[in-house]
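Spelled out, the chains give:
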Amino acid sequence: MESIGRIGVVGGGLMGSGIAEVCARAGKDAIVVESSAAAVDAARHRLKASLKKAENRGKIESADAVLDRIRVVEDLEALADRDFVVEAIVEDEAAKTDLFRRLDAIVSSREAILASNTSSIPIMKLAVATQRPSHVLGVHFFNPVPVLSLVELVPSLMTDTATTERARVFVQDELGKHAIDCQDRAGFVVNALLIPFILSAIRMLESGFATAEDIDQGLVRGAAHPQGPLALADLIGLDTTKAVAKSLYEEFKEPLYAAPPLLARMVEAGLLGRKTGRGFYTYD
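Residues numbered from 1 in each chain as written. Predicted model: local features only at pLDDT ≥ 70, side-chain atom pairs only at ≥ 80, totals over all residues. Heavy atoms only, no water.

Chemist: Explanation requested: unusual backbone geometry in the structure shown.
Modeler: If a residue is not glycine, its phi is most likely negative; likewise, a peptide bond is most likely trans. A cis amide bond links Asn-143 with the next residue in sequence, Pro-144, at an omega value of 0 degrees. Its place among the elements puts Pro-144 in the loop between strand S6 (136-141) and strand S7 (150-155). Of note, the phi angle at Ala-224 is positive, near 60 degrees, even though the residue is not glycine. Locating Ala-224 in the fold gives a position in the loop between helix H8 (212-223) and helix H9 (229-236). Phi angles above zero are rare outside glycine, and Lys-253 is one such case at about 55 degrees. Relative to the elements of secondary structure, Lys-253 occurs in the loop between helix H10 (238-252) and helix H11 (261-268). (Helix = DSSP H or I, 4+ residues; strand = E, 2+ residues; numbered from the N terminus.)

Chemist: Help me understand the sheet that holds strand S1 (residues 6-10), please; the structure alone is not making it clear to me.
Modeler: One key point about sheets: their strands pair by backbone hydrogen bonds, in either a parallel or an antiparallel sense. Spatial ordering of the open sheet is given by S3-S2-S1-S4-S5-S6-S7-S8, a layout of 8 strands whose pairing is mixed. In this open sheet, the two edge strands, each paired with only one partner strand, are strand S3 (70-73) and strand S8 (178-181). If you compare each strand with its neighbour and ignore which way they point, the axes differ by 25 degrees on average. Here S6 pairs with S7 via 5 bridges, running antiparallel. Bridge pairing in S7 links Gly-138 to Val-154. With respect to the sheet, helix H6 (residues 161-174) is in contact with S1, strand S4 (84-87), strand S5 (113-116), S6, S7 and S8, its orientation differing from that of S7 by roughly 170 degrees. (Pairing = 2+ DSSP bridges. Axes fitted to C-alpha atoms, helices over the stretch in contact; angles between N-to-C directions. Contact = heavy atoms within 4.5 Å.)

Chemist: I tried to follow the pairing of S8 on my own but got confused; where do I start?
Modeler: Regular strands place their side chains on alternate faces of the sheet. When S7 meets S8, the two strands line up parallel, connected through 4 bridges. Its bridge partner being in S8, Val-151 is matched across the sheet by Ala-179. In this view, the connection linking S7 to its parallel neighbour S8 by way of H6 has right-handed handedness. (Right-handed = clockwise from strand over helix to strand, strands pointing away.)

Chemist: Whenever I open this one, the environment of Val-151 confuses me. Can you help?
Modeler: With respect to the element layout, Val-151 can be found in strand S7. For the pair Val-151 and Gly-12, spaced 139 residues apart in sequence, the C-alpha separation works out to 18 Å. Once you skip the residues sitting within four places of it in the chain, Val-151 turns out to touch Val-139, His-140, Phe-141, Val-171, Lys-177, His-178, Ala-179 and Ile-180.

Chemist: I'm lost on the pairing of S1 in this one. Help?
Modeler: The element S1 is extensively covered by neighbouring structure, given that 4 of its 5 residues are classed as buried. The pairing of S1 with strand S2 (residues 29-33) spans 5 bridges and is classified as parallel. Of the residues in S2, the one forming a bridge with Val-9 is Val-32. Inspection of the sheet shows S1 paired to S4 by 4 bridges, in the parallel sense. Bridge pairing in S4 links Val-10 to Glu-87. (Buried < 20%, exposed > 50% of the residue type's maximum accessible area, 1.4 Å probe, protein only.)

Chemist: How should I be thinking about the state of the cysteines in this particular structure?
Modeler: Disulfides are covalent bonds that connect the sulfur atoms of two cysteines. Scanning all chains against the criterion turns up 0 disulfides. Just so you know, Cys-23 is unpaired, no disulfide at all, and the nearest cysteine sulfur is the one on Cys-182, 19 Å from it. (Disulfide = S-S within 2.5 Å.)

Chemist: What's the story with the pattern of salt bridges in this structure? I'm lost.
Modeler: Should their charged atoms come close, side chains of opposite charge can pair. Counting across every chain of the model gives 18 salt bridges. With a shortest N-O distance of 3.7 Å, Asp-29 and Arg-71 are connected by a salt bridge. Taken as a pair, Asp-29 in strand S2 and Arg-71 in strand S3 lie far apart in primary sequence, 42 residues in all. A residue is classified by how much of its surface remains accessible, and Asp-29, at 28% relative accessible area, is partly exposed. (Salt bridge = Lys/Arg side-chain N within 4 Å of Asp/Glu carboxyl O.)

Have a look at this one:
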């Protein structure tokens with residue numbers, strides 16, 4: 001089985017930079033593509049800060065050595081020679097579909113894997129935008145990528161078994177993650193369970209049943225969760241939470257997947273959680 005050595009990541013936000021970091025820490029050559037010069041600078045700063053923290057904690061020997069294996073650029077054409085390209089852009093079906101169409105034209109090797117880090121969008125919708133659906137699958141990491149070990153592998157009906165197995169070897173043997181297999185259904189395994197739970201907590205807050213603090217402490221102290229559902233929504237991003245809920249509702253039409261009005265209003269107001277400094281809680 002051909003080894004994966006050259007990695008491309010589209011999107012240098014929390015997820016994209018985290019994916020690039022774990023790949024570079026595994027000795028891979030990584031290129032991150034961002035949409036503007038300002039976004040390139042932000043991604044470089046994010047990577048440097050994360051790797052310095054890992055170095056200070058003794059997780060890696062040299063942050064600079066890992067950074068030397070990562071390039072952050074604006075040009076999507078830089079991904080032409082990649083073996084494995086994963087997109088980690090906004091959770092929007094139209095944007096992702098357009099990106100896969102462009103990647104199909106750019107990535108030269110027909111054996112290269114085109115992967116999506118989508119939280120919920122069915123992989124088939126992305127695969128059919130390309131001329132190589134057999135080499136498209138979901139490879140869904142979890143935030144923070146350098147810390148959490150789980151990766152969901154999501155082949156579509158068109159994905160070759162060899163593509164899935166090649167991705168599994170890469171994720172497990174080379175990156176040291178734990179892969180689970182998921183059917184190509186919106187939300188896959190984790191978000192199909194997690195998002196209704198978070199939405200239920202938001203409805204409880206919205207109804208005045210309990211405060212945000214009491215809801216979260218109930219789950220932390222009463223069910224041994226590491227953090228409550230509202231704090232977790234702030235970490236995920238309320239815009240991402242809403243987008244995943246939308247994908248789930250469109251696929252299944254189940255009321256438990258419908259985004260509560262409070263969530264919609266908060267997203268409209270730009271109160272997106274930790275990344276904006278305010279969501280269900282306020283952050284410095």
